[in-house]
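A look at the structure
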Amino acid sequence: MSGVTRLAAVIGDPVRHSMSPTIHNAAFAELGLDWTYLALPVPSGRGGDAVEAMRLFGIDGLSVTMPHKDTVAQAVDARTSAVERLGACNCVFRDGDRLVGDNTDGDGWVRAFELDSGLGLADARVAVIGAGGAARAIVEAVGRAGASEIVVVNRTTASAERAAALAEVARIGTVDDLADVDVVVNATSIGMAGGPDAEGIPLSGSWIGQHHVVADIVYQPRSTPLLQEAARRGARTVGGLGMLVHQAATAFERWTNHTAPIDTMTAAVLGAIPPDD
Ligand code: ATR
């Protein structure tokens, strides 16, 4: 590092567990870029101050995680269409003097899914389980990717309706709709190691058939109970690591204007997450 080293950071609360410094610093090193990336704990309600600090300190890239995605979306100078629609921002980059808020979660999932599965989402019928921040970003991006149908299945109907409003082809549905789609993605935390429902599967697995591609955004364990059940029933599976890597890769490209070194970023994630037992 020197006097001209450029700085990127993730803000959140909590944030010390974040994998982002590992992923981005590995990518900067791989490309020989004089950048460094830190995790900065910022308490709830101070996301706007963090955007001001970006201006003050000349920070060139910001990742945004809980609980700041909404406040930062309000505090930036300009927003991508994804942020306009979602009201949530996970990445801030510079465009001249302006700070622009972007949301790379949904496009990161689409990019990872298409690469990992070899299946394009254009004209696909997709079901999204869940209606939280991650699910909303996926619905919005899958809509832009040209899916022919998106079914949102969630425990709480009101939030499912809000998520389904994010894409023209989206509607709310139930477990009965799952047999007839091509792709099903779990966008809840069910099945996450250390979470409240670590052994769980959303909506049992009786709907899973050999024609499905079943995806999970949970990446720890790498093979979740849902993905294990899907594999047992002969479906193809896509794990959650790709979304983690590709949402970071898209942010990296916004900040640096360099193509992200995906293999290096993936290796950094794999090194940081223990393999399943
Ligand atoms: P994130 O921002 O990470 O997506 P979130 O906003 O807390 O997380 O959203 C979590 C999603 O998982 C929600 O759709 C939640 O359902 P509700 O809208 O009904 O709360 C869903 N979810 C979490 N745990 C669940 C469980 N045990 N059973 C069913 N749905 C669950």
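Predicted, not measured: the structure shown is a model, and the values here were computed from it.

Attention shifts here to helix 10 (residues 262–272). Among all positions in helix 10, only Thr264, Met265, Ala268 and Val269 are buried. Summarising the axial view, the buried residues of helix 10 lie within an arc of 135°, below the 170-degree limit, and thus occupy one face. Facing away from the buried side of helix 10 by more than 90 degrees, the exposed set consists of Asp263 and Gly271. Packed against the buried residues of helix 10 are helix 1 (20–31) and helix 9 (241–256).

With that settled, the discussion passes to the sheet that holds strand 4 (residues 78–79). Across a sheet, strands are paired by hydrogen bonds formed along the backbone, either parallel or antiparallel in direction. Pairing in this open sheet of 6 strands is mixed, and the strands run 2-1-3-5-6-4 from one edge to the other. Only two strands of the sheet have a single partner each, and these edge strands are strand 2 (35–41) and strand 4. Examined bridge by bridge, strand 1 (residues 6–12) and strand 2 share 7 bridges and lie parallel to one another. Bridged to Leu7 within strand 2 is Thr36. Relative to the sheet, helix 1 contacts strand 1, strand 2 and strand 3 (61–64), its axis offset from that of strand 2 by approximately 170°.

The end-to-end C-alpha separation of helix 1 is 17 Å, in line with the 16 Å expected for 12 residues at 1.5 Å each. Buried within helix 1 are the following residues: Ser20, Pro21, Ile23, His24, Ala27 and Phe28. Projected onto a plane normal to the axis of helix 1, the buried residues spread over an arc of 165° and lie on a single side. Considering only its buried residues, helix 1 is in contact with strand 1, strand 2, strand 3, helix 9 and helix 10. Gly32 sits one or two positions beyond helix 1 and adopts a positive phi of about 65°.

The subject of this paragraph is the domain arrangement of the chain. Along its sequence, the chain is organised into domain 1 (6–103 + 248–272) and domain 2 (106–239). Taking the mean C-alpha position of each, domain 1 and domain 2 sit 25 Å from one another. Across the boundary between the two partners, domain 1 contributes 10 residues, which contact 11 residues of domain 2. Of the roughly 910 Å² buried between domain 1 and domain 2, counting both surfaces, carbon and sulfur atoms make up 44%. The interface formed by domain 1 and domain 2 holds 1 salt bridge in total. Summed over the shared surface of domain 1 and domain 2, the number is 5 residue pairs in polar contact (both at pLDDT 80 or more). Looking at the side of domain 1 that touches domain 2, the elements with two or more residues in it are helix 4 (81–86), helix 9 and helix 10. Taken together, the residues of the side of domain 1 that touches domain 2 break down into 6 nonpolar, 2 polar and 2 charged.

Of note, Ala163 is situated in helix 7 (residues 157–164). Here Ala163 falls in the buried class, since its relative accessible area comes to 0%. Distance in space between the C-alpha atoms of Ala163 and Leu244 is 21 Å, their sequence separation being 81 residues.

Next up on the list: the nonpolar core. In this structure, Trp109, Leu121, Val128, Ile138 and Val142 are the most contacted members of the largest nonpolar core, which totals 34 residues. Looking at this core, the elements with two or more residues in it are helix 4, helix 5 (105–117), strand 7 (125–129), helix 6 (133–144), strand 8 (149–153), helix 7, strand 10 (183–186) and strand 11 (213–216). No fewer than three residues from each of domain 1 (6–103 + 248–272) and domain 2 (106–239) sit in this core. Core analysis: the second largest hydrophobic core is formed by 27 residues, Val10, Leu33, Ala248 and Trp255 among them.

Let us now look at the pattern of salt bridges. Scanning the model with the defined rule gives 17 salt bridges in all. For Asp60, the salt bridge is made with Arg6, and the minimal N-O distance between the two is 2.8 Å. Of this pair, Asp60 sits in the loop between helix 2 (47–57) and strand 3 while Arg6 sits in strand 1, placing them 54 residues apart in sequence. Where Arg125 meets Asp182, a salt bridge forms, and the shortest distance between an N and an O atom there is 2.9 Å. Of this pair, Arg125 sits in strand 7 while Asp182 sits in the loop between strand 9 (170–172) and strand 10, and the two are 57 residues apart along the sequence.

Thresholds applied
Residues numbered from 1 in each chain as written. Predicted model: local features only at pLDDT ≥ 70, side-chain atom pairs only at ≥ 80, totals over all residues. Heavy atoms only, no water. Buried < 20%, exposed > 50% of the residue type's maximum accessible area, 1.4 Å probe, protein only. Helix = DSSP H or I, 4+ residues; strand = E, 2+ residues; numbered from the N terminus. Arc of directions from axis to C-beta. Contact = heavy atoms within 4.5 Å. Pairing = 2+ DSSP bridges. Axes fitted to C-alpha atoms, helices over the stretch in contact; angles between N-to-C directions. Expected span 1.5 Å × (residues − 1). Domains from an automatic or database assignment. Buried area = accessible area lost by both parts, 1.4 Å probe. Salt bridge = Lys/Arg side-chain N within 4 Å of Asp/Glu carboxyl O. Polar contact = N/O pair within 3.5 Å; in protein donor to acceptor, adjacent residues only side chain to side chain. Nonpolar A, V, L, I, M, F, W, Y, C, P; charged D, E, K, R; others polar. Core = buried A, V, L, I, M, F, W, Y, C linked by side-chain atoms within 4.5 Å.

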